[in-house]
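So the chains spell out like this:
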Amino acid sequence: MSGDTVPVGTDPLEPGREAATVVDRARALLDAHWQPRGFTVPNTAVYPHQWLWDSCFHSVTWLHVGDPDRAVAELTNVFARQHDDGFVPHMTYWDQPELHASFWRRSGESAITQPPMYGHAVAELVRAGVAIDAELVQRAAAGLEFLLGPRRADRPLVPIVHPWESGCDDSPRWDRWAGPARTPGSWRARKGELVDSIRASATGSALANPDFEVESAAFNALVAFNARELVDVGLAPGLAEPVDALVEALDARWDPSRTSWRDEPADGASDPLVRTLEALLGVLVTPDGDRVAAVFEEVLDVGAYGGACGPAQVHRDEPAYDPHAYWRGPAWPQLTYLFWVAARRRGSAAAADALARRLVAGVERSGFAEYWHPDTGAGLGAVPQSWAALAAVVVVVEDG
Ligand code: GLC
């Protein structure tokens, strides 16, 4: 494995004392962000509501820092506003249901979804021996069935119908929809318009969008991974076959010349593929060992995505790469965590070890930021942010 470049002397996992501190600080952070209703806010000022994939990551973290009750409560609340067809809103406005009601045209919840990380969270609870209700399992399976069924309709892959559904809001993968004069402000306004063009079912579940439908490689990798997580712990066996087909369809989008998966078939591609980290999440599900090796090499290589504080979210050679800008180059803790999970599952112990060390370096230097500079760890976005506490999971498991 090439490119393990964490500088000597910046290895916060080495002394046991410091490793314990990361877990203690992560636990204290989650405690400070815990809401009596039973979920953790990402940040008390910037993100004072419940977000779908954040809560799934929080649930996994609560489990590993020793509070399975909160892990179950938070995951249960992800589904508080699930629709009868399985659709899970990406945000729940518990205490201010009317706050953005005119924007979303409904109260209490958003009109879009987010990566269905609940399959992983359920599986982690099951693997830890935590008793969970059949209803929680059924809700997680129904969320995935909605995506693979009504949302996918007759497509090979599941489309996202708004950039925010990716969780990676300003990724250069969406620049085609932002236009050449893109600025963060103009893109924010455009994203508002793209909410208006969403087509929903009679019950308000987002199904399509004539102005933005993308078979995102990243999103599909996470749909497949989360469904497989349920199948692997003996739940939702009916998902096994559709997910195998989904992985096959995703793998048909591999572009060896760019070491990445495409969001569209190569023959229908209208733009050169922009190399972003999230598009490599297929490493969680592909059966192709050569692709797995190629992805980890790039994810760790400082000439590609690698950084001392975790992989950059945009390949360093892309014109869009900016290590300070939101979703244009910084390292994101939840992405580093997912690549660490992939490395462990795919038997890449050296990659898992390097990613664990880099994630911990990032949280230490950034003060548990939302995202940070991949080389220096300088904190960016909201500080502190709850999902940075995922560093405690890698410490607990790696030290395990
Ligand atoms: C930002 C991120 C999104 C996340 C949310 C709350 O909008 O792009 O992925 O869920 O913040 O942390």
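Residues numbered from 1 in each chain as written. Predicted model: local features only at pLDDT ≥ 70, side-chain atom pairs only at ≥ 80, totals over all residues. Heavy atoms only, no water.

Here we look at the overall build of the protein chain
So, point 1. Across its full length, the protein chain holds 14 helices and 10 strands.
So, point 2. Relative to its length of 400 residues, the protein chain is compact, with a C-alpha radius of gyration of 19 Å against a globular reference of 21 Å.
So, point 3. The buried share of the protein chain, reckoned over its 400 residues, is 60%.
So, point 4. By sequence separation, contacts in the protein chain at least 24 residues apart represent 67% of the contacts at least 6 residues apart. (Helix = DSSP H or I, 4+ residues; strand = E, 2+ residues; numbered from the N terminus. Rg over C-alpha atoms; globule rule 2.2 N^0.38 Å. Buried < 20%, exposed > 50% of the residue type's maximum accessible area, 1.4 Å probe, protein only. Contact = heavy atoms within 4.5 Å.)

Observations concerning the layout of surface pockets
So, point 1. For the largest pocket, the calculated volume is near 560 Å³.
So, point 2. In terms of lining residues, the largest pocket is bounded by 28 residues, among which Tyr 47, Trp 51, Met 91, Trp 164 and Asp 169 are the most central.
So, point 3. Of all the secondary-structure elements, those providing two or more residues to the lining of the largest pocket are helix H2 (52–64), helix H4 (101–104) and helix H8 (184–196).
So, point 4. By residue number, the principal contributor to the lining of the largest pocket is H8, which donates 3 residues.
So, point 5. Per-class residue counts for the lining of the largest pocket are 16 nonpolar, 6 polar and 6 charged.
So, point 6. In this structure, the second largest pocket spans a volume of roughly 330 Å³.
So, point 7. Looking at the second largest pocket, it is lined by 18 residues, and the ones nearest its centre are Arg 173, Arg 176, Asp 271, Pro 272 and Val 274. (1 Å grid on protein atoms, 1.4 Å probe; cavity = no way out; pocket = protein on both sides within 12 Å on 5 of 7 lines; lining within 4 Å. Points joined across faces, edges and corners; volume = space filled by probe spheres on them. Nonpolar A, V, L, I, M, F, W, Y, C, P; charged D, E, K, R; others polar.)

Focus on the pattern of salt bridges
So, point 1. Tallied over the full model, the rule gives 33 salt bridges.
So, point 2. The salt bridge partner of Arg 106 is Glu 109, with a shortest N-O separation of 3.6 Å.
So, point 3. The exposure class of Glu 109 is buried, given its relative accessible area of 8%.
So, point 4. Linking Asp 353 and Arg 357 is a salt bridge whose minimum nitrogen-to-oxygen distance equals 2.9 Å. With Asp 353 and Arg 357 both in helix H13 (residues 349–366) and 4 residues apart, this pair spans about one turn of that helix. (Salt bridge = Lys/Arg side-chain N within 4 Å of Asp/Glu carboxyl O.)

A few points about the nonpolar core
So, point 1. Counting residues in each nonpolar core, the largest one holds 127 residues, and the members touching the most others are Leu 75, Tyr 118, Leu 230, Phe 296, Tyr 337, Phe 339 and Trp 340.
So, point 2. In this structure Trp 340 touches Ala 352, Leu 355, Ala 356, Val 393, Val 394, Val 397 and Glu 398, once residues within four positions along its chain are discounted. (Core = buried A, V, L, I, M, F, W, Y, C linked by side-chain atoms within 4.5 Å.)

A few points about helix H10 (residues 240–251)
So, point 1. Under the 1.5 Å per step criterion, the end-to-end length of H10 is 17 Å for 12 residues, consistent within 8% with the ideal 16 Å.
So, point 2. Those residues of H10 not exposed but buried are Val 243, Leu 246, Val 247, Ala 249, Leu 250 and Asp 251. (Expected span 1.5 Å × (residues − 1).)

Regarding the packing of aromatic side chains
So, point 1. Summed over the entire model, instances satisfying the criterion amount to 22 aromatic pairs.
So, point 2. Consider the rings of Tyr 337 and Trp 340, whose centres lie 5.7 Å apart with planes at 35 degrees: the pair is tilted. Of the two residues, Tyr 337 and Trp 340 both sit in helix H12 (residues 333–345), 3 residues apart, roughly one turn of that helix. In terms of burial, Tyr 337 and Trp 340 fall into one category: buried. (Phe/Tyr/Trp six-rings, centres within 6.5 Å; stacked < 30°, edge-to-face > 60°.)

Comments concerning the site of the ligand
So, point 1. Surveying the vicinity of the ligand reveals 13 residues, the closest of which are Trp 53, Asp 54, Gln 114, Gly 167 and Trp 327.
So, point 2. Trp 53 is positioned with one of its side-chain polar atoms (N or O) 3.0 Å from an oxygen atom of the ligand.
So, point 3. At a separation of 3.0 Å, an oxygen atom of the ligand approaches a polar side-chain atom of Tyr 326.
So, point 4. Of the pockets mapped on this structure, the ligand occupies the largest pocket.
So, point 5. Across the shell around the ligand, the residue classes tally to 7 nonpolar, 3 polar and 3 charged. (Near = heavy atom within 4 Å. Polar contact = N/O pair within 3.5 Å; in protein donor to acceptor, adjacent residues only side chain to side chain. Sits in = over half its atoms within 2 Å of the grid points.)

Overview of the confidence of the model for the protein chain
So, point 1. Scored by pLDDT, the protein chain comes out at a mean of 94, with 94% of its residues at no less than 70.
So, point 2. Ranking the elements of the protein chain by mean pLDDT puts helix H1 (residues 16–33) last, at 82, and H2 first, at 99.
So, point 3. When the criterion is pLDDT under 50, residues 1–19 qualifies, and its contacts beyond four places in sequence or with other chains add up to 36 contacts. (pLDDT = per-residue confidence, 0-100.)

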